Amino acid sequence: MKRRSYNVDIVVNGYTVKHVIIDPHYELKHNSSVNDEIILRLVEKLDGREFRPIETDEPYLYFVNDKIQLDGKLYKLIWLLKKDEIYIGVINAYRRKS
């Protein structure tokens, strides 16, 4: 299973983000309710916003956004930023029960 990269054009935490790199980890348990398209739509919801990291492990900042609403469903997105880089790394994503 390889990571997949997609082009985007968003700003998150003041960083211009040009790529989303999706780790296929979510496919192990959540492939029936989440796919790359849904993850990219969830990442788009981060555009123009500021978030506080839940953990820092230089040079990485880790984030969790819970209860993101998309098409009437709730999702959890676990992602990272690497300082001075132009990508968001998606570690995991899954659908939440309402």
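Residues numbered from 1 in each chain as written. Predicted model: local features only at pLDDT ≥ 70, side-chain atom pairs only at ≥ 80, totals over all residues. Heavy atoms only, no water.

On to the overall build of the protein chain. From N to C terminus, the protein chain includes two helices and six strands. Ordered by position from N to C terminus, the α and β elements of the protein chain give β-β-α-α-β-β-β-β. In terms of overall size, the protein chain behaves like a compact globule, its C-alpha atoms giving a radius of gyration of 13 Å where 98 residues would be expected to give roughly 13 Å. Principal-axis analysis of the C-alpha atoms places the extent of the protein chain at approximately 35 × 30 × 25 Å. Each of the 98 residues in the protein chain was classed as buried or not, and the buried ones make up 38%. When the accessible surface of the protein chain is totalled, it reaches about 6100 Å², and 44% of it is carbon and sulfur. Of note, the protein chain has its 17 positive side-chain charges centred 7 Å away from the centre of its 15 negative side-chain charges. (Helix = DSSP H or I, 4+ residues; strand = E, 2+ residues; numbered from the N terminus. Rg over C-alpha atoms; globule rule 2.2 N^0.38 Å. Buried < 20%, exposed > 50% of the residue type's maximum accessible area, 1.4 Å probe, protein only. Areas by Shrake-Rupley, 256 points an atom, 1.4 Å probe, with all protein chains shown as cover. Lys, Arg positive; Asp, Glu negative; His and termini not counted. Charge placed at Lys NZ, Arg CZ, Asp CG, Glu CD.)

Right, let's talk about the packing of aromatic side chains for a bit. Inspection of the entire model under this criterion finds three aromatic pairs. With centroids separated by 6.4 Å and ring planes inclined at 40°, the aromatic side chains of tyrosine 60 and tyrosine 62 adopt a geometry described as tilted. On the accessibility criterion, tyrosine 62 (21% relative accessible area) is partly exposed. With 4.2 Å between their ring centres and 15° between their planes, phenylalanine 63 and tryptophan 79 make a pair best called stacked. Taken together, the positions of phenylalanine 63 in strand S4 (residues 60-70) and tryptophan 79 in strand S5 (residues 73-82) put the pair 16 residues apart, joining distant regions of the chain. Within the aromatic cluster, the residues linked to one another by ring pairs are Phe51, Phe63 and Trp79. (Phe/Tyr/Trp six-rings, centres within 6.5 Å; stacked < 30°, edge-to-face > 60°.)

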